[in-house]
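# Fold and contact review
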Amino acid sequence: MLKNKTIGFIGAGSMAEAILKGLLSKNMVNPENVFLINRKDQSRLSEISQKYGLILGRQKAEYIAGADIIILAVKPKDVTEVLQRWGNRLQDGQIFISVVAGISTELLENYIQNRVSVVRVMPNTSCAVGLSATAISGGKRATNRAIDVTCEIFSSIGSVVLVNESMMDTVTGLSGSGPAYIYYMVEALESAGVSAGLHPQTARLLTVQTLLGAAQMLLKTGKDASELRKEVTSPGGTTMAGLKALKEYQVAEAMKVAVFKAKERANELGKQLASL
Ligand SMILES: NC(=O)C1=CN([C@@H]2O[C@H](COP(=O)(O)OP(=O)(O)OC[C@H]3O[C@@H](n4cnc5c(N)ncnc54)[C@H](OP(=O)(O)O)[C@@H]3O)[C@@H](O)[C@H]2O)C=CC1
Ligand SMILES: O=C(O)[C@@H]1CCC=N1
């Protein structure tokens, strides 16, 4: 169904590329049906077009304005400029998907006059490998069909949950930014292994495989994280000593504050734009 649709990306950065890469690798879209624009970086457009076999020259306004599905993937600060340019050029029946952190469907709908379905989505960069955790919520004018199409797009490149829009900033703080927290932990574990004498490549391999195995255990056993943690922790053993240090350094508290701070930031970004 999606294969015959045209998809226009406004913004050609990390997130647009992650979504595009995921969709193409799952054979969900035809490269000739994909259009992509950015603000000024022509070399980036050439690079991405060549890498993914997009047709060069289709980075023009008319293609985007006519696309069945438009994916907005610019930074929050650039949203107003985009909406001022595109808002009144969009047509009835188009689906406008925004992955922008903090920006409400209400704000987007204020700029878009016609009967365009506006859908707010929070994926993460793991779209690129088909493993995004994506949350979706439709705006007031979003049709059921538009929600279905959005679910089809994102469930092809990961898992999808429908949430109330009031939860979107929390989702952003948890799973939108989440990969960065995990990478930060991986950096810390790798560097701990190296400090204790392991070769960097060995430390990386052991850390990544441990992460992968733990994620699969969570998915495949259906057990809670706390139960799996207890299975690793022998009384008086090594894990207990390690976990004691994590507790002393309040790592769980730090995680909570990280998610809350990211959520707050998403909220601030939305408010900054709304007040313009
Ligand atoms: N990165 C992530 O992990 C995630 C990001 N998001 C959201 O995705 C959005 C994009 O993030 P990310 O990809 O990281 O950002 P990037 O900075 O990598 O990319 C932003 C892109 O927007 C383009 N752009 C800026 N202004 C305009 C304009 N007026 N018209 C057309 N294109 C424009 C830029 O073009 P140029 O380079 O030419 O200026 C660039 O291609 C953000 O809103 C973010 O909140 C959501 C989930 C995860
Ligand atoms: O850092 C950001 O603002 C974006 C939103 C979620 C992940 N990256």
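Residues numbered from 1 in each chain as written. Chains lettered and ligands numbered in written order. Predicted model: local features only at pLDDT ≥ 70, side-chain atom pairs only at ≥ 80, totals over all residues. Heavy atoms only, no water.

## Section: the packing of aromatic side chains
Put simply, the rule is: Two rings from Phe, Tyr or Trp (for Trp, the six-membered ring) form a pair when their centres sit within 6.5 Å of each other. Planes less than 30 degrees apart are called stacked, planes more than 60 degrees apart edge-to-face, and all others tilted. Each helix is a run of DSSP H or I of at least 4 residues and each strand a run of E of at least 2, with the numbering of both proceeding from the N terminus. Each residue's exposure class comes from its accessible area (1.4 Å probe, protein chains only) as a fraction of the maximum for that residue type: buried when under 20%, exposed when over 50%, partly exposed otherwise.
Applying the stated rule across the entire model yields one aromatic pair. Measuring from centroid to centroid gives 4.9 Å for F35 and Y63, while their planes differ by 35°, and the two rings are tilted. Placement of the pair is F35 in strand β2 (residues 34-37) and Y63 in helix α3 (residues 61-66), with a sequence separation of 28 residues. When its relative accessible area of 29% is taken as the criterion, Y63 is described as partly exposed.

## Things to note about the UniProt feature "domain: Pyrroline-5-carboxylate reductase dimerisation" (unreviewed entry) in the protein chain
Quick note on the threshold: UniProt positions are given in the numbering used here, feature names are shortened, and annotations may be inferred rather than shown by experiment.
The UniProt record annotates "domain: Pyrroline-5-carboxylate reductase dimerisation" (unreviewed entry) at residues 165-269. Across residues 165-269, helical content stands at 83% and strand content at 0%; the span's end C-alpha atoms are separated by 15 Å.

## Concerning a nonpolar patch on the surface
Basically, it comes down to this: Like-charged residues are merged into a patch within 9 Å and nonpolar side chains (Val, Leu, Ile, Met, Phe, Trp, Tyr) within 5 Å, provided each residue has over 30% relative accessible area and no salt bridge. Where accessible areas are quoted, they stem from the Shrake-Rupley method and a 1.4 Å probe; at the residue level, only the protein chains shown are allowed to cover. Salt bridges are defined as contacts in which a side-chain nitrogen from Lys or Arg sits within 4 Å of a carboxyl oxygen from Asp or Glu.
Together, I182, M185, L211, L246, Y249, V251 and M255 make up an exposed nonpolar region whose accessible area comes to about 610 Å². Among the secondary structure elements, those contributing two or more residues to the nonpolar patch are α8 (178-195) and α12 (251-274).

## A short note on the site of ligand 2
Note the threshold: Throughout this document, a residue counts as near a molecule or strand when at least one of its heavy atoms sits within 4 Å of that molecule or strand. Here a cavity is any set of points on a 1 Å grid over the protein atoms alone where a 1.4 Å probe fits but cannot get out, and a pocket is any open set with protein on both sides within 12 Å along at least 5 of 7 lines; a residue lines the site when it has an atom within 4 Å of a point. The rule for placing a molecule in a cavity or pocket is simple: more than half of its atoms must lie within 2 Å of the grid points.
In the vicinity of ligand 2, the contacting residues are A101, G176 and S177. Protein coverage of the free-state accessible area of ligand 2, which is 250 Å², stands at 48%. The cavity that encloses ligand 2 is the second largest pocket.

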